[in-house]
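For reference, the chains in residue letters:
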Amino acid sequence: MTTTPHAPAPPAAESGANATQRFKTDKSTHPVNTPKERVDLLAREVLDAVHNTIRKHKVTYDEYNALKAWLISVGETGEWPLFLDVWVEHVVEEVATEHRQGNKGSIEGPYYVPGAPHRGSHGAVPMRQNEAGTPLRWRGRVTSTDGHALEHATVELWQADADGLYSQFAPGIPDWNLRGTFSVDSEGRFEIRTIRPAPYQIPTDGACGKLIAAAGWHAWRPAHLHVKVSAPGHELLTAQLYFPGDEHNDDDIASAVKPELMLNPRPAPDGDGDIVHYDFVLDPV
Ligand code: MBD
Ligand code: FE
C-alpha cells in the first residue's frame, strides 16, 4: 500500500485492494484439485455463455477492447475479491446452503478477518473511545435444528463503522475495531454490545466503481452486520443481518438480503440506543 502526502488514496479503494492480500493469506493456501472433467465442463459453459452474448448483441471490437482494459484494471486495482463477492458470491452461497433446515445465511464478502478478540458470552466489540453511531445491544441464542442449546457455539461479528468503513481494510482505524468473537452461556445465550453500522458504498474509484458508473448502477449495500456462527458437529453459518427501513434493502448491489435476515431493533428502555433479538439455528453436519 502506498500513500502520497497530502493526496492520500481514497480509503475505499484501498479497502478493495487490501482484500486481495487478505484472500491470498486466508483462502488461497489450500490447493484444490478440481477434476479435469469438471474444469472442462465449467470453463466451456462459461465461455459458451460469453460467446452467445457476443453473438446476440453483436459486440464490437471497441467493446471487446473496453472489456479487456477493464479486466486488466480489476487486477491492477486489487478488486477481484470485491468484484466476485459483490456480483457472483450470492449464487455460490445459495447453492452451497440450499439443503439447510436451520438459519438462512448470506455471503461472506471481502472483509472477514479470522481471529477477532474474544469477548466472552456477554460483552462489547472492540470500539474507539466515543465510537460514532447508535449503540446496539443484541441478545440471541444458538440452538441446533432439534432445539437443543449449543453451549459451545461461537459467534464472530464484523461490521462497518458509522462511516461505512471496515477496520483492517480502510486506513486510520485501529485493528479489530468493531470485530469480536463471542462465546455463549450454558443455555446458548449471548449478548453483544456494538453500534449500528452505516450503509456501505462500493469504492467508486477502482475498477468496480468504473463498471457501476459506466452501467449507470448505484454503488450501495444496505447497512449490515456480518456473522459467522459455529458449533462442534454443526455446519458453519455465515450470515448478514439487516435493518428495516434501509433504502437499499430492496436493491442491494451484492444481492445478499433475505427477509429472514431482517432485524427488529427497538429503542432500549433505558434510552441508551437500540436493543435487538436475533437467534441462530445451526444444521448438524
Ligand atoms: C461489503 O461490506 C460486503 O459485505 C460485501 C458483500 C461486498 C462489499 C462490501
Ligand atoms: Fe460488509
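Just so you know, these numbers come straight off a predicted model, no measurement behind them. (Residues numbered from 1 in each chain as written. Chains lettered and ligands numbered in written order. Predicted model: local features only at pLDDT ≥ 70, side-chain atom pairs only at ≥ 80, totals over all residues. Heavy atoms only, no water.)

**Side note on the site of ligand 1**
In step 1: Close to ligand 1 lie Leu 82, Val 86, Ile 107, Gly 109, Pro 110, Tyr 111, Tyr 166, Tyr 200, Arg 221, His 224 and His 226.
In step 2: For ligand 1, an oxygen atom lies 2.8 Å from a polar atom in the side chain of Arg 221.
In step 3: Within the side chain of His 226, one N or O atom sits 2.9 Å away from an oxygen atom of ligand 1.
In step 4: With the chains in place, 99% of the 270 Å² that ligand 1 exposes on its own is no longer accessible.
In step 5: Of all the cavities here, the one that holds ligand 1 is the largest cavity.
In step 6: For the shell around ligand 1, the secondary structure elements donating two or more residues are helix H4 (80-87) and strand E8 (224-230). (Near = heavy atom within 4 Å. Polar contact = N/O pair within 3.5 Å; in protein donor to acceptor, adjacent residues only side chain to side chain. Areas by Shrake-Rupley, 256 points an atom, 1.4 Å probe, with all protein chains shown as cover. 1 Å grid on protein atoms, 1.4 Å probe; cavity = no way out; pocket = protein on both sides within 12 Å on 5 of 7 lines; lining within 4 Å. Sits in = over half its atoms within 2 Å of the grid points. Helix = DSSP H or I, 4+ residues; strand = E, 2+ residues; numbered from the N terminus.)

**Here's the deal with the layout of surface pockets**
In step 1: Taken as a whole, the largest pocket encloses approximately 620 Å³ of empty space.
In step 2: For the largest pocket, the lining is made up of 25 residues, of which Lys 27, Glu 89, Glu 108, Gly 109 and Lys 228 are closest to its centre.
In step 3: Looking at the lining of the largest pocket, the elements with two or more residues in it are helix H1 (11-26), H4 and helix H5 (89-97).
In step 4: Broken down by element, the residue count for the lining of the largest pocket peaks at 6 residues, all from H5.
In step 5: Residue composition of the lining of the largest pocket, by class: 12 nonpolar, 4 polar and 9 charged.
In step 6: Roughly 450 Å³ of internal volume is contained in the second largest pocket.
In step 7: Leu 42, Glu 45, Val 46, Leu 47, Val 50, Leu 71, Trp 80, Phe 83, Leu 84, Val 88 and Val 92 are the residues that line the second largest pocket.
In step 8: Mapped onto the lining of the second largest pocket, the elements with two or more residues apiece are helix H2 (36-57) and H4.
In step 9: With 5 residues, H2 is the largest single contributor of residues to the lining of the second largest pocket.
In step 10: Looking at the lining of the second largest pocket residue by residue, the class counts come to 10 nonpolar, no polar and 1 charged. (Points joined across faces, edges and corners; volume = space filled by probe spheres on them. Nonpolar A, V, L, I, M, F, W, Y, C, P; charged D, E, K, R; others polar.)

**With respect to the confidence of the model for the protein**
Any segment with low pLDDT has predicted coordinates that should not be analysed in fine detail.
In step 1: Here the protein shows a mean pLDDT of 93. Residues at 70 or above account for 94%.
In step 2: Residue range residues 1-11 is modelled with pLDDT below 50. Its contacts to residues more than four positions away, or to other chains, number 7 contacts.
In step 3: This prediction of the complex comes with two scores: 0.93 for pTM and 0.97 for ipTM. (pLDDT = per-residue confidence, 0-100. Contact = heavy atoms within 4.5 Å.)

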